[in-house]
Every structure is written in C-alpha cells, then in structure tokens.
Amino acid sequence: MKIGKQTLEFDKKPKILNTSSVVGPKEAEGPLSIYFDKKFNDALYEETTFEKAESKMIMTAVDTLLGKIPTDNSTIDYIFAGDLLNQCIATGYAVRELEMPFFGLYGACSTFVESLILASSFINANYGKKIIATASSHFCSSERQFRLPLEQGTQRTPSQQWTVTACGAALVTKNDNSFKCPVVTYATVGKIVDMGIKDIANMGAAMAPAAFDTIITHLEDTKRRPDYYDLIITGDLGTLGSKILIDLLAGHGIDISTNHSDCGKLIFDIEAQDMHAGGSGCGCCASVFSGYIYELLKTKKINKVLLIATGALMSPTSLGQGESIPSIAHAIAIENEV
Amino acid sequence: MNYTKLNMNEQEYSDYVDAHSKKSPIVKNCTLAFIVGGFICIIGQIFTDIFQHYGLSFKTASTYSTILLVLIAAILTAFKLYAKIGKFAGAGSIVPITGFSNSIVSPAIEYKTEGVVLGIGANMFKIAGPVLVYGICTSTLIGIVYWLIKLI
C-alpha cells in the first residue's frame, strides 16, 4: 500500500530469510572482516579479467546464500540484481550461470536497496515466494570505467572515496509466521536530487542532499520520529557526505547524530587503510548490510534499521559534457518482529 | 510532522560543501613534488654526465638519458611501483618525462584484456594523447612565429 508521498507500506511483512556476502582483499583487511562469508585475496579472484572476477563474486554470493537455506535454484522465483558496469555486464554474466528469472537494475550505488524494495514488493503482492536481491561492485572494474588506469601514478583528493570490491545478497521470502526473522516494513522510493555538484571526486557531497530528501520524506510519510530507529545507516556517503547529511538534517530540526552511521565509513579503517573519505559502490551497502547489519538484527543487538542507499547517476560521458551529478537515495525500513 | 525541504540554491550548496571539505595538503604536496621531481632530474643529469664521460656529444647524451628514464619508468609501472611513487610524489613524478611514460604504459597494461589492437592500441594514448596533440600544435605555432620573426 502506498502511504504519503513516496512510501510503500508492506502489510504482509516480507521476511529477509538470510543474507550472504563476498568481499575483496581491502575489505577483508577492514574492521568488518569477520562478518563476511567469503573473502578473496587477489583482485582477479582467480579469473583473467576484473569483470569476470566481479561476476564470480556475484555467483559465489548467490551460491553461499542458497547454501545457507534448504532450497535449490529452481525454487527461486526471481533475482533482482545490478552493478556499476556499462550494461550491468558483471551481473548479466553471473546470472547467465544461475538459470533464474532475472530483473537487471541500475541505480548506481543505490542498487542494493532498489533490489530489496522491488523484491519485497513482489513478495508482498504474492508474485513469488522466494526472491534474491543483490548488488555488487569491484574497485578495479569501476576505476577503469569511471576514472584512470590502476597503475597511473596520481594522487587522490581527500574527498575521494574508494569503490568497494564486494557483493551482498539477500533472500526475501513470504512471511509464513513460522519463525521470527528481520522483516521489511516500509520503503521510501527516492526522487532524483541534483544540487549542481560536478566533482566526481566528491560524490558524498553530491549524494547527501538526496539522502536528506529521502529521509525527510520517509519520516513525514510514516509519521515516525528519527529516534524510532536504532540505526539510520546510509550506503556510501563517506565521511564528508555523512557530515553534510547530519548537518542538513540538524538545520531542519532532525537529530540523527547519535543513531546515524554510514556503510562507507564502517567497511574500512579509514585512517589505517588510507581510504580518504571512505568506501563507495553498490557492493559497499550490499555487503555491510548482508554481513554486519543483518547479523546485528539477527542477534537482536539492534531491532529497527533504516537503510538508505545513495547513488550518483552520472557517467564519464555526462561529466565530459559538463553535466552535474544527479543523485538518488532509496530507503528501506527493516525491523525485527516483536 | 512537517519538515521543510532543503532551502539552498546550487551556489549556496557549493559554497557550503567547500567550507566543509577537507583541503588537499598543498604545502606538503608541493614540497614532496619539488623533492621527488628534483631527484628525477638529478638522475637524468647523472645519466647525461656518464654518457658524456664516455665520449657522446651533449645532444646525443641527453637523448639517451631521456630514453633511459622513459624505460625505467615503464619498468617501474609494469612492476606496480610507479603508482606508489605517484601517490607519494604527486606532480613530482607526473610532470617529468617519466610521468609521460607511466601514462602510456598504465593504460596499455589495463586494456590488454580487450586485445592487442582495440585494447592496447586504441587506449595506450588515452591520457598521453591530448598532451601529444597540444604539445605538437603548440610547438608548430611557436615554430611559425619564430620563422616569421626571423624573416623580419
């Protein structure tokens, strides 16, 4: 059911039955390492290209997810998936091996929450019983598409973020009330917000206004207070973007300084790993949610989470033509059933 | 609850972001660039002196030392060391001829997965290409000016 301006209320409370995560070398060295299911030490993941490595990461994440629950490929109704590469090739080639009905998504770094929202909507509408939502990104394949060759000897600016090499997958299922697990209650679908930022090395600042807009709309639509949530976690605003978001919201009387965090800040030890403004990419939010946050929910350390994935919808072509960065943020409320 | 929306225009937001952004450490970057850039130049000078010592003319010796610097930078790039130097030195290792070498070898490595012609061939000058185009254009223009002045 749609409530307010942009929010979906899931009355059937779709379950997030399980999750899986696969991460690359830098992420495996990060502080959340123990929460991830699979780690690999070589950026090529025993493949010949970075694109193949990314596909393998997605396949491994899905296989790991299926391994955690008694089911096989044929009982998966749909897979909603996407990545950052042109034509979403990492996902396309991965799903080719999986033999599952497939919806390919592109929402830049907001893709994971976009997949989760669509999967939850399908379950809520009874269009399927088991749906996988996933998203991935790979540092090396993204760098070559969006920036410079890896071995080009340049310096990164302090506001620049590091594309996370990771994939996270979640299995969304029908709520049959058999046992308690985290459920999806609301989702707020974002609008594109563009405040005219053109600096590709400052995506946090470009995306923060989109997160601001979606959070405000979510709170208005659901009539919830910001302190209702144990954790309001953004996807990849990084250090600067998070600071801007908290500041913008504070200016409008909303205090999230105590319960806000950002996946891009959590996944790396920013100082020790020299990550400048933190992590970014679809895989950032996907793996931190699937690895860390889901574990916190399952162990009831936290019970109510608002996950907001932010995406910067530009391309090297649009930047070359002097366009600014259009940004989007989708929010999904995931809560433990009481 | 009724919250108002973000009341800033693009310019105000851009100023606001600039005020909150961490600035690049310009003094540190410039100092390191000066030291490392200078160091690369000293190495070049040493090469030239050695070549001259063995009887080459200054012109030939400096050409040889340029070639040698380009070769060393290409090898360092292939062994993934030049990017590390670049991270530390910034403009200090981009501006000298070694940086030019790095900017040709790095896309060559990166795009070898797309094949020898459309991968390496088409992308090798992706970064160095503009430098060559405008370098040659500028030297041609200056050559013409020089020639005109001589005519007068």
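Sequence positions are assigned chain by chain, starting from 1 and proceeding in written order. Chain labels run from A onward and ligand labels from 1 onward, assigned in the order the entries are written. Thresholds applied to this predicted model are a pLDDT of at least 70 for local features of residues and 80 or more for the giving and counting of side-chain atom pairs; totals over whole chains, interfaces and linings are not thresholded and use all residues. Note that the side-chain values use all heavy atoms of the structure and ignore hydrogens as well as water.

Novice: Can you walk me through the side chain of T188 of chain A in this structure?
Specialist: Residue and element names in this part refer to chain A. A run of DSSP states H or I qualifies as a helix once it reaches four residues; a run of E qualifies as a strand once it reaches two. Both are numbered from the N-terminal end. By secondary structure assignment, the location of T188 is in strand 10 (residues 183-188). For T188, a relative accessible area of 0% puts it in the buried group. Between N or O atoms, a polar contact is any pair within 3.5 Å; within protein, one atom must be a potential hydrogen donor and the other a potential acceptor, and residues adjacent in sequence are included only when both atoms are from side chains. Polar side-chain contacts of T188 include one of 2.7 Å to the side chain of H218. Contacts were defined at the residue level, with two residues in contact if any of their heavy atoms lie within 4.5 Å. Excluding residues within four positions of it along the chain, T188 makes contact with Q6, T7, I117, T214, T217, H218, H330 and A331. Per-residue accessibility, obtained with a 1.4 Å probe over protein chains only, is compared with the maximum for each type, and a residue is labelled buried under 20%, exposed over 50%, and partly exposed between these values.

Novice: I'm lost on a nonpolar patch on the surface in this one. Help?
Specialist: Side chains of L141, I144, W147, L148, L151 and I152 of chain B sit close together on the surface and give an oily, nonpolar patch of about 730 Å² of accessible area. The residue I144 of chain B is located in helix 8 (residues 128-151) in this model. In this scheme, patches are assembled from residues that exceed 30% relative accessible area and form no salt bridge. Like charges are connected within 9 Å, while nonpolar side chains (Val, Leu, Ile, Met, Phe, Trp, Tyr) are connected within 5 Å. Computed with a 1.4 Å probe, the accessible areas rest on the Shrake-Rupley method; for each residue, only the protein chains presented here act as cover. Here, a salt bridge means any Lys or Arg side-chain nitrogen found within 4 Å of an Asp or Glu carboxyl oxygen.

Novice: Explanation requested: the side chain of S141 of chain A in the structure shown.
Specialist: By the element assignment, S141 of chain A lies in helix 5 (residues 139-146). When residues no more than four places from it in sequence are discounted, the contact partners of S141 of chain A are F50, E51, E54 and L85 of chain A.

Novice: In this structure, what is going on with a positive patch on the surface? I would like to understand it.
Specialist: By the counting scheme adopted, Arg and Lys are positive, Glu and Asp are negative, and His together with the chain ends is not counted. Where a charge lies is defined by one atom per residue type: Lys uses NZ, Arg uses CZ, Asp uses CG and Glu uses CD. On the surface, K26 of chain A together with K80, K84 and K112 of chain B cluster together into a positively charged patch. With respect to the element layout, K80 of chain B can be found in the loop between helix 3 (58-78) and helix 4 (82-89).

Novice: What's the story with the domain arrangement of chain A in this structure? I'm lost.
Specialist: As a measure of interface size, the accessible area lost when the parts come together is often cited. Residue and element names in this part refer to chain A. In this document the domain limits rely on a domain assignment from an automatic tool or a database. Here chain A is partitioned into domain 1 (12-173) and domain 2 (183-335). For domain 1 and domain 2, the distance between their C-alpha centres works out to 18 Å. Contact with domain 1, which involves 51 residues of that partner, is made by 54 residues of domain 2. Buried area between domain 1 and domain 2, both sides added, is near 4100 Å², and the carbon and sulfur share of it is 69%. For the interface between domain 1 and domain 2, the tally reads zero salt bridges. If you look at where domain 1 meets domain 2, you find 18 residue pairs in polar contact (both at pLDDT 80 or more). As a working definition, buried area equals the accessible area (1.4 Å probe) given up by two parts on being put together, with both sides summed.

Novice: So what exactly am I meant to see when it comes to the nonpolar core here?
Specialist: A general trend in soluble globular proteins is that nonpolar side chains are found buried together. Counting residues in each nonpolar core, the largest one holds 94 residues, and the members touching the most others are L116 and I293 of chain A together with Y13 of chain B. Beyond its immediate stretch of four places on either side in the chain, I293 of chain A contacts L231, I233, V288, I302 and V305 of chain A. Working definition of a nonpolar core: buried Ala, Val, Leu, Ile, Met, Phe, Trp, Tyr and Cys residues. They are joined through side-chain atoms within 4.5 Å. Of all hydrophobic cores here, the second largest spans 26 residues; its members include A53, I58, I76 and C181 of chain A.

Novice: Honestly, the packing of aromatic side chains in this entry has me stumped. Any pointers?
Specialist: Pairs of aromatic rings are described using the distance from one ring centre to the other and the angle between the two planes. Any two of the Phe, Tyr and Trp rings considered here, Trp counted by its six-membered ring, make a pair once their centres fall within 6.5 Å; the pair's planes then place it as stacked at under 30 degrees, edge-to-face at over 60, or tilted in between. For the structure shown, the criterion picks out 14 aromatic pairs over all chains. When the ring of F289 of chain A is compared with that of Y294 of chain A, the centres are 6.3 Å apart and the planes differ by 65°; the resulting orientation is edge-to-face. With a relative accessible area of 0%, F289 of chain A lands in the buried category. We classify Y294 of chain A as buried; its relative accessible area is 2%. Cation over ring: K56 of chain A sits above Y45 of chain A, and NZ or CZ is 4.4 Å from the ring centre. Sitting over the face of the ring of Y111 of chain B, R144 of chain A holds its NZ or CZ atom 4.7 Å from the ring centroid. Whether a charge sits over a ring comes down to the Lys NZ or Arg CZ being within 6 Å of the ring centre and within 35 degrees of the ring normal.

Novice: Help me out: how do you make sense of the interface of chain A and chain B in this one?
Specialist: With 40 residues of chain A in contact, the opposing surface of chain B contributes 39 residues. With both sides pooled, the region where chain A packs onto chain B buries about 3400 Å², and carbon together with sulfur makes up 57% of that total. Across the contact surface, chain A and chain B share three salt bridges. The salt bridge partner of K87 of chain B is D274 of chain A, with a shortest N-O separation of 2.4 Å. There are 13 residue pairs in polar contact (both at pLDDT 80 or more) connecting chain A and chain B. Of all the secondary structure elements, the ones that give two or more residues to the side of chain A that touches chain B are helix 5, helix 6 (203-222) and helix 7 (238-250) of chain A. With nine residues, the top contributor of residues to the side of chain A that touches chain B is helix 6 of chain A. By the convention adopted, Pro, Cys, Tyr, Trp, Phe, Met, Ile, Leu, Val and Ala count as nonpolar, Lys, Arg, Asp and Glu as charged, and the other residues, Gly among them, as polar. Here the residues of the side of chain A that touches chain B sort into 18 nonpolar, ten polar and twelve charged.

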